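# Examination of the molecular architecture
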Amino acid sequence: MAKEGKSLFRVTTVFTSLFRVALIASAFAYFNYKFSEYKFINFSEWTFYEKK
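Here goes a summary of the coordinates provided.

Reading the values: rules and limits
- Residues numbered from 1 in each chain as written.
- Predicted model: local features only at pLDDT ≥ 70, side-chain atom pairs only at ≥ 80, totals over all residues.
- Heavy atoms only, no water.
- Helix = DSSP H or I, 4+ residues; strand = E, 2+ residues; numbered from the N terminus.
- Buried < 20%, exposed > 50% of the residue type's maximum accessible area, 1.4 Å probe, protein only.
- Areas by Shrake-Rupley, 256 points an atom, 1.4 Å probe, with all protein chains shown as cover.
- Patch = residues over 30% accessible without salt bridge, like charges linked within 9 Å, V, L, I, M, F, W, Y side chains within 5 Å.
- Salt bridge = Lys/Arg side-chain N within 4 Å of Asp/Glu carboxyl O.
- Phe/Tyr/Trp six-rings, centres within 6.5 Å; stacked < 30°, edge-to-face > 60°.

### Description of the overall build of the protein chain
- Within the protein chain, the secondary structure is distributed over 1 helix and 0 strands.
- Put simply, the protein chain has 52 residues, and 0% of those count as buried.
- Split by element, the accessible area of the protein chain, about 5800 Å² in all, is 67% carbon and sulfur.

The following block contains the structure:
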């Protein structure tokens, strides 16, 4: 019985690790998609400050 519990723990650990990786990857993909709409800004055309 001890081996079954240990085996179940390893399977749970693997699924937890895969879930974490999937969560991080989906968050990265979401923010990459969300902020891709701001790539149209051309900072060489915009003047934010000028030298005196």
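Don't stop here, the text continues.
### Here we look at a nonpolar patch on the surface
- Judged by side-chain polarity, Y30, F31, F35, Y38 and F40 come together as a nonpolar surface patch covering roughly 630 Å² of accessible area.
- Its relative accessible area of 45% is what places Y38 among the partly exposed residues.

### Overview of the packing of aromatic side chains
- Summed over the entire model, instances satisfying the criterion amount to 2 aromatic pairs.
- With 5.2 Å between their ring centres and 70° between their planes, Y30 and F31 make a pair best called edge-to-face.
- Relative accessible area serves as the criterion here: at 45%, Y30 is assigned to the partly exposed category.
- The exposure class assigned to F31 is partly exposed, which follows from its relative accessible area of 46%.
- Centroid distance F31 to F35: 6.2 Å. Interplanar angle 15°. Geometry classified as stacked.

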